[in-house]
Amino acid sequence: MLVYSILMRNNKENNRLCGIIFSNSKIRKVGSEMKVDDRVRGVLNVDESLIQQVITTKAFQRLKGIKQLGNSYFFTNTATNNRFEHSIGVYENMKRIISVLECKGSIKLNDDIKMLAYVSALLHDIGHGPFSHAFETITNVHHETWTTNVIMEDKELNKLLDSDMKENVISIYKHRGKFPIIEELLFSQLGADKLDYHARDLSASKIDSVSFSIDDLISHLEWESGKLVIEASGVLFVEQYLHVRRTLFLQVFCHLNTVAKDILLKKVLLRAHQINELDIKKIDVDSFLSMNDDSIHYLIQGWKHSEDSILKQLSVLYMEPKETFRFQYEELTRKEFESINTHHVFEVLYKENPAYGFYKGGIRIYQQSDIYHFSSSIKEVMATKERYFKFTFI
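All values reported here derive from a predicted model rather than from experimental measurement. (Residues numbered from 1 in each chain as written. Predicted model: local features only at pLDDT ≥ 70, side-chain atom pairs only at ≥ 80, totals over all residues. Heavy atoms only, no water.)

J.: What is the right way to read the pattern of salt bridges from this model?
T.: Side chains that differ in charge, positive against negative, can pair when their charged atoms come close. Evaluated as defined, the whole model comprises 20 salt bridges. One salt bridge connects glutamate 48 with lysine 95, and the closest N-O pair in it is separated by 3.5 Å. Within this pair, whereas glutamate 48 is found in the loop between strand E3 (42-46) and helix H3 (49-55), its partner lysine 95 is found in helix H5 (residues 83-103), the two being separated by 47 residues in sequence. Given a relative accessible area of 16%, lysine 95 falls into the buried group. Counted as one network, the salt bridges with shared partners bring together Asp38, Arg39, Glu85, Asp196 and Arg200. (Salt bridge = Lys/Arg side-chain N within 4 Å of Asp/Glu carboxyl O. Helix = DSSP H or I, 4+ residues; strand = E, 2+ residues; numbered from the N terminus. Buried < 20%, exposed > 50% of the residue type's maximum accessible area, 1.4 Å probe, protein only.)

Given below as structure tokens:
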């Protein structure tokens, strides 16, 4: 039996598997400042000593090995942007949003609250596992649970963050309402997280039919009744942003090629668990922090030669390059989808959730109502119906 926690027990071997994730090629110190070369924002300055120290921890550096777009890189070789750069981008967005709102006199935060906001922005993805949401599906543990575990148990982070900081950061991630301003600035539709990952995923995907400017949008943000809203003069930038979101959903996040790879990855890991090749119940924080996308691929490469024919075939199918990757799909009606009951290992039913890419409402214009009332462009990207598919792998 291959138990993952045992496989990753040897730190020297783990470093070999994780490869470049501990390199600091994009980060340099200039005096007391840390400078980060960012593919989306250019050179970023990290001034705060605590933030600099968190960035250099192994737990945070590990995020270089977790791709933001998961299996999309099979089909778009530039789609290798990672959660390390995204997390620093969210931290940068948080700083800029707070600065804009304070300059307008809309909010006023003391230094302690600002630092809490910056740390929360930086660490919000620290609990993502290999291939993120596919890993969550197999382990039945949400990445926010791992985030809590890592923040509370990682030795390096424990030396840097006091108990109050850790508890407050976790409170924000769990949306407990203790720090509603930070929750809104970080997680709302116009918050630091979503603005960064849509801009970053767009850049990595090399889609040039749509675009938006983070800085133009942020400069037109306002604060009203406890919510981030947009000034009337900034409606154009929200229109552009929502069109980017829809385009990414259709052409990247839920492109059927990527969906097929995601399905196969889940099936590979599930089969490995079923036949005791992978013990997902014995993953503690230390072994979790040893895992990244490359280490999962290392296992799957070995399973291509498994004595179990199902695991072998699934692994071979999953690792197929785009040039030879083949599958069949059939779009179904909702009635057909609900009437089919397939248990065949190489057939899968899939429901597409448009909520991730289409606007559902909730973004307001300052001192007015929802933005869609004032924009025919945004009405075009309102939430559409779900779609249903049957995938067959051959």
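Picking up where we left off.
J.: Even after reading the chapter, I still don't get unusual backbone geometry, so can you show me in this structure?
T.: In terms of backbone geometry, most residues other than glycine have negative phi values and most peptide bonds are trans. For asparagine 276, which is not a glycine, the phi torsion comes out positive at approximately 65°. In this structure asparagine 276 comes out as partly exposed when scored by relative accessible area, which is 45%. We note that glutamine 367 has phi near 65°; this positive angle belongs to a residue other than glycine. Residue position: glutamine 367 is located in the loop between strand E7 (347-352) and helix H20 (376-379). With relative accessibility at 59%, the residue glutamine 367 sits in the exposed group.

J.: When you look at the packing of aromatic side chains in this model, what are you seeing that I'm missing?
T.: In this description, an aromatic ring pair is defined by two values, namely the gap between the centres and the angle between the planes. Under the defined criterion, the tally for this structure stands at 22 aromatic pairs. Ring centres of tyrosine 91 and tyrosine 118 lie 5.9 Å apart, and the angle between their planes is 90°; on these two criteria the pair is classed as edge-to-face. Linking tyrosine 91 in helix H5 with tyrosine 118 in helix H6 (residues 111-123), this pair joins segments that are 27 residues apart in sequence. Across the pair, tyrosine 118 and tyrosine 91 agree in class, each one buried. Taking 4.9 Å as the distance between ring centres and 45° as the angle between the ring planes, the aromatic pair formed by phenylalanine 337 and tyrosine 388 counts as tilted. On the criterion of sequence distance, the pair formed by phenylalanine 337 in helix H19 (residues 334-339) and tyrosine 388 in strand E8 (residues 387-393) is long-range, its members being 51 residues apart. Members of the aromatic cluster, each reached through a chain of ring pairs, are Tyr73, Phe74, Phe75, Tyr318, Phe325, Phe327, Tyr329, Tyr350, Phe389, Phe391 and Phe393. Positioned over the ring face of phenylalanine 84 is lysine 64, at 4.7 Å from the centre of the ring. (Phe/Tyr/Trp six-rings, centres within 6.5 Å; stacked < 30°, edge-to-face > 60°. Lys NZ or Arg CZ within 6 Å of the ring centre and 35° of its normal.)

J.: I keep staring at the sheet that holds E8 and nothing clicks. Help me out?
T.: Across a sheet, paired strands are connected by hydrogen bonds in the backbone, their directions being either parallel or antiparallel. Here three strands make up an open sheet; going across it, the order is E6-E8-E7 and the pairing antiparallel. Here the strands that pair on one side only, and so sit at the sheet edges, are strand E6 (327-332) and E7. Taken over all neighbouring pairs, the strand axes of this sheet differ in orientation by 25° on average, direction set aside. Pairing analysis gives six bridges linking E7 to E8, with the strands arranged antiparallel. Along E8, the bridge assignment pairs glutamate 347 with threonine 392. Along the sheet face, helix H15 (residues 256-274) touches E6, E7 and E8 and points at about 60° away from the line of E8. (Pairing = 2+ DSSP bridges. Axes fitted to C-alpha atoms, helices over the stretch in contact; angles between N-to-C directions. Contact = heavy atoms within 4.5 Å.)

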